[in-house]
There are 2 protein chains.
Amino acid sequence: MYTIGELSKNTGVTVRTLDYYDEIGLIKPSSKTSGGHRLYSEDDVMQLERVLALKYMGFSLEQIKDILANSKPNWQESIKQQLELVKREQGRLKMLEQALVGVSYSIEFEGEINWPIIFSIIQLYQQDPEAALEQYREYLNEEERKKILDVNFEQTSEEDIKEWLKAISDIRNNLHLDPHSEKAERLVKIWVSQAEKMFGGDEELLGDLWQALQNLKEGIAFYPMDKNVINFIERVFIAKGVTKQ
Amino acid sequence: MYTIGELSKNTGVTVRTLDYYDEIGLIKPSSKTSGGHRLYSEDDVMQLERVLALKYMGFSLEQIKDILANSKPNWQESIKQQLELVKREQGRLKMLEQALVGVSYSIEFEGEINWPIIFSIIQLYQQDPEAALEQYREYLNEEERKKILDVNFEQTSEEDIKEWLKAISDIRNNLHLDPHSEKAERLVKIWVSQAEKMFGGDEELLGDLWQALQNLKEGIAFYPMDKNVINFIERVFIAKGVTKQ
DNA sequence: CATTGAACCACACGTAACGTGTTGTTTTAT
DNA sequence: ATAAAACAACACGTTACGTGTGGTTCAATG
């Protein structure tokens, strides 16, 4: 039999927490002293350990109570649901990360807070990613859209995103350049190599995406590739006599 | 000028939320009617949009208030901190996912809730992963430990983990087999191929890890590779006349 | 101008899982 | 017996609002 203080020391759980678990009926001490002090048995300790394990797995105390109260809990179902929840949360965090990185570089490269662009980024990510790509429906087939999702939300490292954003930002800061100039050509060359890196040299996807970007009337399209950047790249291509796609 | 209801409809934010933002001084309407009804200006709307953007990025209302109150907020610092927080949370979720998958297959393969194993899994993941690998310090250098972390927490697909766990589970369920038997040999063969798949054919890492597993006195080591499993594999190796590493 | 229905304000309580006190009682060590 | 430590029970605080209530103001109608 352990007092609440001993149990607390042994398990690392605070007394207040044990107090609370008693209060909500999650772990009731199996006996008490004549004076009313709580005494926990070995069984209680085991129960507590199970609670801690389930808590670590992300279940709420309410769920844990249900699970442990049930004599034959449907574990696989519970775990499956919990896993789905975790996966959704992972997706949300991934988008959050992308948004933060996007905003960070937007600030770094533009030197100020460009709220409209930030709003666009947020809007783009706020709805589910699938919906965000609907605007490309006319130009990209489903497989291609899925691939872009991967690039945007899954496979790409922060380092790659950084370089990609830098390439675009460099162009944004030099829109005034003569398309025939060597510098313009160099900037676009860097952009092309980054684009190829990101899309794994999938020429067809790249071509279709390019078509889509050119035709989209407004918005930030593929952040931060706005119309100005796209037009500049196109002018340089024309200057070089290349007709992309 | 918008009433609170109009603003709510335009932005999708509930009236109660705007009420709350007013209450905590986050967004105060810039004027009121004689009767006390709130009137929001265009500036207020912009402010609200900024709040929503920052909120999406995961900042607390308290932080948002600080950031927006500050005339020259240190954006990069704020975003960096936020990113770190997000990354920590991502790590936590990744471990949670692994723990859930581990427990799920532990149940599926063993047919019951093996609480001791589950506790071990939790304990292993509860401390930070680096610390969990400290027990291998004697056998694995830093680079190798880092590689294991990747396998454990990053790169491995759920499908691969499933097969890996199945291979081990199959052995656990057949510990009684004669090491010379054909079935034992087949099981170990599957295990070896899975191990090689997971560690990308890095023979040296595999060898060192094997050494580590053999020498660890207790614990679940590399879940669910406990002592029994390791000993069985070793016996089969010996039976075949192979001296692994 | 009076009425009426809608919108609005202000306030209160509830949420999850405890942390942080406070006061009064029990236990333990001396 | 007494003092110190541990404990019980209760209350309030935390976040970002949802939900509900009663009373007030607004806008449109007769």
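An account of the accompanying structure is given in this report.

Criteria and cut-off values
Residues numbered from 1 in each chain as written. Chains lettered and ligands numbered in written order. Predicted model: local features only at pLDDT ≥ 70, side-chain atom pairs only at ≥ 80, totals over all residues. Heavy atoms only, no water. Near = heavy atom within 4 Å. Polar contact = N/O pair within 3.5 Å; in protein donor to acceptor, adjacent residues only side chain to side chain. Helix = DSSP H or I, 4+ residues; strand = E, 2+ residues; numbered from the N terminus. Nonpolar A, V, L, I, M, F, W, Y, C, P; charged D, E, K, R; others polar. Buried < 20%, exposed > 50% of the residue type's maximum accessible area, 1.4 Å probe, protein only. Arc of directions from axis to C-beta. Contact = heavy atoms within 4.5 Å.

### Concerning the protein's contact with DNA strand D
Stage number 1. Among the 19 residues in the neighbourhood of DNA strand D, the closest are listed as A:T3, A:R38, B:T14, B:T17 and B:Y21.
Stage number 2. The sugar-phosphate backbone supplies 75% of the atoms of DNA strand D found within 4 Å of the protein.
Stage number 3. Within the contact set of DNA strand D, a phosphate oxygen lies 2.7 Å away from a side-chain nitrogen or oxygen of A:T3.
Stage number 4. A distance of 3.1 Å is found between a phosphate oxygen of DNA strand D and a backbone nitrogen or oxygen belonging to B:G35.
Stage number 5. Those elements that place two or more of their residues in the surface near DNA strand D are α1 (4-11) of chain A together with α2 (15-23) of chain B.
Stage number 6. Tallying contributions element by element places α2(B) first for the surface near DNA strand D, with four residues.
Stage number 7. Taken together, the residues of the surface near DNA strand D sort by class into four nonpolar, eleven polar and four charged.

### Observations regarding α2(B)
Residues and elements named next belong to chain B.
Stage number 1. For α2, the complete set of buried residues consists of L18, Y21 and D22. Along α2, the residues classed as buried sweep out an arc of 100° about the axis, all on the same side. Seen from the open side of α2, the exposed residues pointing more than 90 degrees away from its buried face are R16 and E23.
Stage number 2. Considering only its buried residues, α2 is in contact with α1 (4-11), β3 (38-40), α3 (42-56) and α4 (61-69).
Stage number 3. Downstream of α2 by a residue or two, G25 has a phi angle that is positive, lying close to 80°.

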